[in-house]
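# Architecture at a glance
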Amino acid sequence: GENVEQHPSTLSVQEGDSAVIKCTYSDSASNYFPWYKQELGKGPQLIIDIRSNVGEKKDQRIAVTLNKTAKHFSLHITETQPEDSAVYFCAAIYNQGGKLIFGQGTELSVKP
Amino acid sequence: EAGVAQSPRYKIIEKRQSVAFWCNPISGHATLYWYQQILGQGPKLLIQFQNNGVVDDSQLPKDRFSAERLKGVDSTLKIQPAKLEDSAVYLCASSIDRVHTEAFFGQGTRLTVV
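Let me sum up the structure you'll find in this document. (Residues numbered from 1 in each chain as written. Chains lettered and ligands numbered in written order. Predicted model: local features only at pLDDT ≥ 70, side-chain atom pairs only at ≥ 80, totals over all residues. Heavy atoms only, no water.)

## Description of the overall build of chain A
Looking only at helices and strands, one finds zero helices and eleven strands in chain A. Element order for chain A, N to C, with α for helix and β for strand: β-β-β-β-β-β-β-β-β-β-β. Since a compact globule built from 112 residues should have a radius of gyration of about 13 Å, the 13 Å found for chain A is in line with a globular shape. The principal-axis extents of the C-alpha atoms in chain A amount to approximately 40 × 30 × 20 Å. (Helix = DSSP H or I, 4+ residues; strand = E, 2+ residues; numbered from the N terminus. Rg over C-alpha atoms; globule rule 2.2 N^0.38 Å.)

## Remarks on the interface of chain A and chain B
Listed by partner, the interface residues are 20 residues for chain A and 22 residues for chain B. Overall, the association of chain A and chain B removes approximately 1500 Å² of surface from exposure, summing both partners, and the carbon and sulfur fraction of that is 49%. Summed over the shared surface of chain A and chain B, the number is two salt bridges. For Asp56(B), the salt bridge identified is with Lys99(A), shortest N-O distance 3.0 Å. Elements with a contribution of two residues or more to the side of chain A that touches chain B: β4 (32-38), β5 (45-51), β9 (86-94) and β10 (99-102) of chain A. Residues that form the side of chain A that touches chain B fall into these classes: eight nonpolar, eight polar and four charged. (Contact = heavy atoms within 4.5 Å. Buried area = accessible area lost by both parts, 1.4 Å probe. Salt bridge = Lys/Arg side-chain N within 4 Å of Asp/Glu carboxyl O. Nonpolar A, V, L, I, M, F, W, Y, C, P; charged D, E, K, R; others polar.)

## Notes on the pairing of strand β6 (residues 53-56) of chain B
All names here are of chain B. Where strand β5 (residues 44-50) lies against β6, three bridges are found, and the strand directions are antiparallel. Bridging across to β6, Gln-48 finds its partner in Asp-56. Where β5 folds back onto β6 in an antiparallel hairpin, the turn is made up of two residues, including Asn-51, whose phi is positive at roughly 55°. (Pairing = 2+ DSSP bridges.)

## Regarding the layout of surface pockets
Roughly 630 Å³ of internal volume is contained in the largest pocket. Considering the residues around the largest pocket, the lining is formed by 33 residues, among which Gln38(A), Val87(A), Gln37(B), Leu39(B) and Gly40(B) are closest to the centre. For the lining of the largest pocket, the secondary-structure elements that each account for two or more residues are β1 (4-7), β9 and β11 (106-111) of chain A together with β9 (88-95) and β11 (109-113) of chain B. Considering only residue class, the lining of the largest pocket consists of eleven nonpolar, 17 polar and five charged. Each pocket or cavity is described by its volume, and for the second largest pocket that value is around 360 Å³. Residue lining of the second largest pocket: 18 residues in total, with Ile101(A), Phe102(A), Pro43(B), Lys44(B) and Leu45(B) positioned closest to the centre. With four residues, the single largest contributor to the lining of the second largest pocket is β10(A). The class makeup of the residues in the lining of the second largest pocket is seven nonpolar, seven polar and four charged. (1 Å grid on protein atoms, 1.4 Å probe; cavity = no way out; pocket = protein on both sides within 12 Å on 5 of 7 lines; lining within 4 Å. Points joined across faces, edges and corners; volume = space filled by probe spheres on them.)

## Thoughts on the side chain of Ser30(A)
Residues and elements named next belong to chain A. Inspection of the secondary structure assignment puts Ser-30 in the loop between β3 (19-25) and β4. Residue Ser-30 is classed as buried on the basis of its relative accessible area of 1%. Among the polar contacts listed, one links the side chain of Ser-30 to the backbone oxygen of Ile-93, at a separation of 2.6 Å. If we skip the residues at most four places from it in the chain, Ser-30 touches Tyr-25, Ser-52, Lys-68, Ala-92, Ile-93 and Tyr-94. (Buried < 20%, exposed > 50% of the residue type's maximum accessible area, 1.4 Å probe, protein only. Polar contact = N/O pair within 3.5 Å; in protein donor to acceptor, adjacent residues only side chain to side chain.)

## Quick look at unusual backbone geometry
At the junction of His7(A) and Pro8(A), the peptide bond is cis and its omega measures out at -5° in the coordinates. You can see Pro8(A) is positioned in the loop between β1 and β2 (10-14). The omega angle of the peptide bond from Gln80(B) to Pro81(B) is -5°, so this bond is cis rather than trans. With respect to the secondary-structure elements, Pro81(B) resides in the loop between β8 (75-79) and β9.

## Quick look at the sheet that holds strand β3 (residues 19-24) of chain B
The pairing of strands in a sheet happens through backbone hydrogen bonds and is either parallel or antiparallel. Residue and element names in this part refer to chain B. One open sheet accounts for four strands, arranged β1-β3-β8-β7; its pairing is antiparallel. Bordering the open sheet on either side are β1 (5-7) and β7 (65-68), each of which pairs with just one other strand. In this sheet, neighbouring strand axes are inclined to one another by 15° on average, regardless of whether the strands run parallel or antiparallel. For β3 and β8, the ladder comprises five bridges, and the chain directions are antiparallel. Bridging across to β8, Cys-23 finds its partner in Ser-75. (Axes fitted to C-alpha atoms, helices over the stretch in contact; angles between N-to-C directions.)

Structure representation (structure tokens):
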């Protein structure tokens, strides 16, 4: 079925450490994988995305990797800062038609 | 560039009442989504429009939920009658089209059914 599994559900790190969030998807035809950050009381904000024709993408402290064979992708945040604390969601496109399905979310807490 | 606009921000209603949410997507965006986000969970897709046509509404509880996107721009989502379990944040998002799939979200409407 149309499913995106996300782990862990909560993650606590010390400021300056790295954080990694992992997701798996079920549709081998999926070709677009965005990551969203959601702060309290706000809508999800797109922070980085990757398409199936690349294996890794980096934007400053944030990187995403994709393994199409294994059908999983990961978000890596380096040198974490307290303002990185939020809920992060992965998502995948299904049915090649823009149907965006979300994971369950990871609550990241960065302790000063 | 203006973002996705939603109103109202908050709504409290009694069960069995009706409620409507409004969304104005980013100008020029053909694809519009409505999501339901229950506290502590990821957004769940309710309905997806391409211009004024429905692409997917497989997760929309059609006995009580309805949505329309007249003229392919603004959209409204209605619940009638509401149940306690409808308490959630209702998010609207838009993207240029089904190929350029970067979706941008509004702030959402927080619905509380009492």
